[in-house]
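What the coordinates show
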Amino acid sequence: MARAINFNPGPAALPLAALERAQKELIDLSGTGMSVMEHSHRGKAYEAVHNEAIALVRELLGVPDSHDVLLLQGGASLQFAMVPMNLLPAGKSADYILTGSWSQKAYKEGKAVGTVRVAATTEKDKKFGRIPEQKELDLDPNAAYVHITSNNTIAGTQWHEFPNVGNVPLVADMSSDIMWRPIDVSKFGVIYAGAQKNLGPSGLAVVIIRKDLVAAGRSDIPAILQYRTHADNKSLYNTPPTFGVYMLRNVLDELKKAGGLAAVERTNREKAKLLYDVIDERNDFYVSPVEKSARSTMNVVFTLKTPELEAEFLSEAQKRGMVGLKGHRSVGGMRASIYNAVTLEWVKALADFMREFKR
Ligand SMILES: *Cc1c(COP(=O)(O)O)cnc(C)c1O
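Rules behind the numbers
- Residues numbered from 1 in each chain as written.
- Predicted model: local features only at pLDDT ≥ 70, side-chain atom pairs only at ≥ 80, totals over all residues.
- Heavy atoms only, no water.
- Helix = DSSP H or I, 4+ residues; strand = E, 2+ residues; numbered from the N terminus.
- Buried < 20%, exposed > 50% of the residue type's maximum accessible area, 1.4 Å probe, protein only.
- Contact = heavy atoms within 4.5 Å.
- Pairing = 2+ DSSP bridges.
- Axes fitted to C-alpha atoms, helices over the stretch in contact; angles between N-to-C directions.
- Domains from an automatic or database assignment.
- Buried area = accessible area lost by both parts, 1.4 Å probe.
- Polar contact = N/O pair within 3.5 Å; in protein donor to acceptor, adjacent residues only side chain to side chain.
- Nonpolar A, V, L, I, M, F, W, Y, C, P; charged D, E, K, R; others polar.
- Salt bridge = Lys/Arg side-chain N within 4 Å of Asp/Glu carboxyl O.

Looking at the environment of E281
As for its placement among the helices and strands, E281 is situated in the loop between helix 8 (260-280) and strand 11 (299-302). On the basis of relative accessible area, E281 is assigned to the partly exposed category, the value being 25%. Expressed as a C-alpha distance, the spacing of E281 and R355, which sit 74 residues apart in the sequence, is 9.5 Å. Among all residues touching E281, those that are not within four sequence positions of it are R355 and K358.

Structure below.
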């Protein structure tokens, strides 16, 4: 059986070794005669998997003791709501920097909960085709937090340097680029990510949150929506998505074996360069709608001259086993999502195909 050359934007490719391990262990987890899905979430076998997943998040990202690591359900979208519900009390306001449709969605949820401000937006500049500069940010020094989207999955832009927000907690939706490279977690109040791009299966969200923010969070909302509930119960307040957590463990274990985030960053940069080099070759056959300094290393967005040519590109790519290259329905064009699990070989194959198609 041939595996697809998978450029899906999310859910996205997973490391083959992580899937094969799941296949091998599917009906018998560590000699227990049961699948991980059949185990009690309070039992030893599952607990080991759960704790290892959390430990791997800590180890790979270098999460300091000042921060909790939570494994929650509801994907990144529930975090759009949980962040303001917990961290935006009455009488306070939160700043949002709008760099794409995901940050707009986060902003909308904030607005449903409390007072929010737009500290900057690049909507009118080439339709989110860039990231604002520090001097453009109209930051409220008394804000409850500043929210950013570190990688704009649809627009194909990425924050390469995070904004300076002073003493206000920085909250980042890192759904589509978490663990693409090492970062300094201590600079963030909250990092959250839906797992289905770089970490594992959908439905699961990884939340890394400063303990003082957990403690200061509102307690007059339902328990299930309070960060405190999950922090106090090691993300075992209610039945967790055990298979999702198991897959997260498998994916992170492979990432560690491959050399961790410094190693994956080198490969990710090489992959992105392969594609942007083809796009930048003379004659404008492929066009990037994104400002060069803001180009994403995870989602490479480009257009061709006509819709007919784009349709032909997709159909020829499909014949070569390449899937997932159609751009988001809201922006059109092409998008190659080259997350951690997308191999250098696959990206080389795509770059070769792009040159061949151009000829
Ligand atoms: C995919 C994505 C989301 C949505 O994730 P869900 O798990 O479907 O809620 C949010 N933010 C960003 C940046 C994304 O790429």
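Having seen the structure, we can now continue with the description.
Description of the sheet that holds strand 2 (residues 67-73)
Ordered in space as 2-10-9-8-5-3-4, the 7 strands form an open sheet in which the pairing is mixed. Edge positions in the sheet fall to strand 2 and strand 4 (115-121), since each has one partner strand and no second. Within the sheet, the average angular offset between the axes of one strand and its neighbour, ignoring direction, is 20°. Both strand 3 (residues 93-98) and strand 5 (residues 146-149) contribute to a ladder of 2 bridges, which runs parallel. Each bridged residue has a counterpart across the sheet, and for D95 the counterpart in strand 5 is V146. The sheet strands contacting helix 4 (residues 101-113) are strand 3, strand 4, strand 5, strand 8 (170-173) and strand 9 (190-194), and the helix crosses strand 3 at an angle near 165°.

Focus on the pairing of strand 8
Burial along strand 8 is two-sided: L170 and A172 and V171 and D173, pointing in opposite directions, are all buried. Direction of pairing for strand 5 relative to strand 8: parallel, over a ladder of 4 bridges. What sits directly across from I148, in strand 8, is A172.

Here's the deal with the pairing of strand 4
One ladder, built from 6 bridges, connects strand 3 with strand 4; its direction is parallel. Its bridge partner being in strand 4, S93 is matched across the sheet by T115.

Considering the domain arrangement of the protein chain
You'll often see interface size given as the accessible area lost when the parts meet. For the protein chain, the domain assignment lists domain 1 (16-257) and domain 2 (261-358). Distance between the C-alpha centres of domain 1 and domain 2: 27 Å. Contacts between domain 1 and domain 2 engage 24 residues on the former and 24 residues on the latter. Buried area between domain 1 and domain 2, summed over both chains or domains, comes out near 2,000 Å², and the portion from carbon and sulfur atoms is 56%. Summed over the shared surface of domain 1 and domain 2, the result is 11 residue pairs in polar contact (both at pLDDT 80 or more). Across the side of domain 1 that touches domain 2, the residue classes tally to 10 nonpolar, 9 polar and 5 charged.

Focus: the pattern of salt bridges
Considering all chains together, one arrives at 23 salt bridges under this definition. Two residues, R218 and D220, come together in a salt bridge whose shortest N-O distance is 2.9 Å. Look at R218 and you get partly exposed, because its relative accessible area is 26%. Among the salt bridges present, the one from E281 reaches R355, with a minimum N-O distance of 2.6 Å. Pair noted here: E281 is in the loop between helix 8 and strand 11 and R355 is in helix 10 (residues 344-358), with a separation of 74 residues, a long-range link. Several salt bridges converge on common partners, so that one network encompasses R21, E25, E52, R249, D253, E254 and K257.

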